[in-house]
Structure formats: structure tokens, C-alpha cells
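Analysis of the macromolecular model
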Amino acid sequence: MSEFVRLEVTAGIGVIRLSRPPMNALNTQVQEELRAAAHEASARHEIRAVVLFGGEKVFAAGADIKEMSDMDYVDMTARARDLSSAFDAVARIPKPVVAAITGYALGGGCELALTADLRVCADDAKLGQPEIRLGIIPGAGGTQRLPRLVGPAKAKDLIFTGRMVDAQEALAIGLVDRVVPAADVFDTAVEMVKSYATGPAQALRAAKAAIDGGMEMDLANGLNWESQLFAGLFATEDKNVGMKAFIAKDKPEFTGR
């Protein structure tokens, strides 16, 4: 049983919930429990969409610095690979993922939010990559996912200075997609994924794979990748359901197959 990370499932929506008071510091145990929750969410067919949530007060304020402070290069060489691969397991969940951000998403917490497909945050939330102030750099995807999301110049600004951004700046630069009152963050995230929970699961999986995979390719290979995924969907039940419903002017009832 996981101590700090739980996977809860309701009506096709899986909620990966962090609970390590007071600030959801991301130590090795949390890292591995996140990996396990991501693998479970990926494997369970009844889960059609995922919400990442740290609770009403804080998303995650970063790595457990006390745990890291006595590590040397040899120690961190192994730990860094494990940390990165654990977060990558979340990023590779083949279903739509929305991060519901309250309070702080700093350092590793911001990097965890970056693994999601979309982010909604509280109007009083603070986000950032403050690692430079500790004499290090982000090590769980921040230097890679952040520039892909907000552009290299803005990513360098945030990573070089280590400054925090408020919700409105995060929205303006594309770091988050919606800003709502703190009390509404979780419900908003659930509402954002509700349509995915009853949508065409294989097409959603293919769309995510096409976009994420294509970003690592040149245009020609990306277009070829898209064509393969597009053609493959013509072997699914949901393609037949969707097209028949369109012709009949009915609402499709997708099976996820």
C-alpha cells in the first residue's frame, strides 16, 4: 500500500493524489509511489483520464532537500535517473492528464505539473523552478519540458533567476491553461477531463502519442507518424460508432475499443 500517493478512481477518472504533509516534499518514496501510480493508471482500462492533485493547500513545494543535502555526485547519478524516469512515467500515461495546482508548485512540484497535458491553478498559486538558488538546476524534466511549453527564452528567465510566478503570469506565458479560485481547482480539473472519460479512448491515446512523439521529430517524420496512428484508428470500434452516429445525426456512445 502506498503511504504518500494514492490512486482513486470514480466514473472513469483516476485521481493521483499526493499526501505528504505539510508541503508534499518529493522524496525517494514519493518518487517511487508516483511511478507505481502512473503505471497503474496507464494499465487500468476503466481509467480514461487522470487528475494530478496535491490537496487543497499545496500541489508540491519541491524535492526533499534534507534528503538530498548529504548526497554527492555518485549518489545523485543514480538518483537523478530514477527521479527523471519516475516523472516520465507520469508524462507517458497514455490518457489525458490534468494537473490541479493549489498553493505552491515549485522545483520538482513544477516539474510534476509539467508532465500533465493541461494545468489548472488557483488564483493565489505560485509556480517556479528555484533550484538555481541551491546551486543546482532542475533535474526532473524542468530544463526540457518547460522550454517546450513556454519557449526557451522564458524558460531561461525562470530557471536562471529561480523566481516564482503568480497565477496570472503563469497563464500569460502558457505555463498554466486556466486560473480559478482556489476552492474550485479540483472540481475544475475534474470537469476538464469528464468528456475524456466517456470519449474515444483509443483516439485520445493516439492524439497524445501523435503530438508528444511528433514534437521529437522533424516535420516529415512527424507527418508519417501521424498517418500511421490515423490509419490505425480505422481498426477500432469507436471509429465505427463515431462515424455512424455522425451520419445518423446521433450522439456517439463510445466504448473505448
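A short tour of the structure in this document, coming up. (Residues numbered from 1 in each chain as written. Predicted model: local features only at pLDDT ≥ 70, side-chain atom pairs only at ≥ 80, totals over all residues. Heavy atoms only, no water.)

A tally of regular secondary structure across the protein gives eleven helices and nine strands. Relative to its length of 257 residues, the protein is compact, with a C-alpha radius of gyration of 19 Å against a globular reference of 18 Å. Principal axes of the C-alpha set define a box for the protein whose edges measure 65 × 40 × 35 Å. Put simply, the protein has 257 residues, and 44% of those count as buried. (Helix = DSSP H or I, 4+ residues; strand = E, 2+ residues; numbered from the N terminus. Rg over C-alpha atoms; globule rule 2.2 N^0.38 Å. Buried < 20%, exposed > 50% of the residue type's maximum accessible area, 1.4 Å probe, protein only.)

Moving on: a negative patch on the surface. A grouping of Asp123, Asp124, Asp184 and Asp187 is seen on the molecular surface, where their side chains present a negatively charged patch. Mapped onto the elements, aspartate 124 comes out in the loop between strand E6 (118–122) and strand E7 (126–128). (Patch = residues over 30% accessible without salt bridge, like charges linked within 9 Å, V, L, I, M, F, W, Y side chains within 5 Å. Areas by Shrake-Rupley, 256 points an atom, 1.4 Å probe, with all protein chains shown as cover. Salt bridge = Lys/Arg side-chain N within 4 Å of Asp/Glu carboxyl O. Lys, Arg positive; Asp, Glu negative; His and termini not counted. Charge placed at Lys NZ, Arg CZ, Asp CG, Glu CD.)

We now examine the pairing of E6. Counting buried residues in E6 gives four out of five residues, a clear majority hidden from the surface. Note: strand E4 (residues 97–101) against E6, four bridges, orientation parallel. Note that in E6 the partner of valine 98 across the bridge is leucine 118. Sheet analysis places E6 next to strand E9 (residues 178–180), joined by three bridges and oriented parallel. When the bridges of E9 are listed, valine 120 appears paired with arginine 178. (Pairing = 2+ DSSP bridges.)

With that settled, the discussion passes to the packing of aromatic side chains. Where two aromatic rings form a pair, the distance of their centres and the angle of their planes describe that pair. With the rule as written, the count across this model stands at two aromatic pairs. Plain terms: the ring middles of phenylalanine 53 and phenylalanine 186 are 4.8 Å apart, the flat faces sit at 40 degrees to each other, and that makes the pair tilted. Note that phenylalanine 53 is positioned in strand E3 (residues 49–53) and phenylalanine 186 in helix H8 (residues 185–197), a separation of 133 residues in sequence. Taking the relative accessible area as the measure of exposure, phenylalanine 53 reaches 2% and is therefore buried. Judged by its relative accessible area of 22%, phenylalanine 186 is partly exposed. Lying across the ring of phenylalanine 186, arginine 17 places its NZ or CZ 5.5 Å from the centre. Arginine 20 extends its terminal NZ or CZ atom over the ring of phenylalanine 4, reaching a point 5.4 Å from the ring centre. (Phe/Tyr/Trp six-rings, centres within 6.5 Å; stacked < 30°, edge-to-face > 60°. Lys NZ or Arg CZ within 6 Å of the ring centre and 35° of its normal.)

In this structure, the amide linkage connecting proline 21 to the following residue, proline 22, adopts the cis form with an omega of 5 degrees. Residue placement: proline 22 occurs in the loop between strand E2 (13–18) and helix H1 (28–43). Its identity is not glycine, yet asparagine 24 carries a phi of approximately 55 degrees, on the positive side. With respect to the helices, strands and loops of the structure, asparagine 24 is situated in the loop between E2 and H1. Note on asparagine 24: relative accessible area 4%, which makes it buried.

Moving on to the pairing of E2. Side-chain positions along a regular strand alternate between the two faces of the sheet. Among the six residues of E2, six are classified as buried, and the element is accordingly described as predominantly covered. The two faces of E2 match: Ile13, Val15 and Arg17 on one face and Gly14, Ile16 and Leu18 on the other face are all buried. With six bridges connecting them, strand E1 (residues 5–10) and E2 associate as antiparallel partners. Looking at the pairing, threonine 10 lines up with isoleucine 13 of E2. Hairpin geometry of E1 and E2 is characterised by an intervening segment of two residues between the two adjacent antiparallel strands and by a positive phi of about 50 degrees at alanine 11. Two elements, E2 and E3, share five bridges in a ladder whose sense is parallel.

To continue, consider the side chain of arginine 20. Of note, arginine 20 is situated in the loop between E2 and H1. Here alanine 25 takes part through its backbone oxygen, which lies 3.1 Å from a polar atom of the side chain of arginine 20. Each residue touching arginine 20, except ones within four places of it in the same chain, is listed here: Phe4, Ala25, Asn27, Val30 and Asp64. (Polar contact = N/O pair within 3.5 Å; in protein donor to acceptor, adjacent residues only side chain to side chain. Contact = heavy atoms within 4.5 Å.)

Attention now goes to a nonpolar patch on the surface. On the surface, Met23, Tyr104 and Met164 cluster together to form a nonpolar patch covering roughly 260 Å² of accessible area. One can find tyrosine 104 in strand E5 (residues 104–106). Exposure remark for tyrosine 104: the relative accessible area of 34% places this residue in the partly exposed category.

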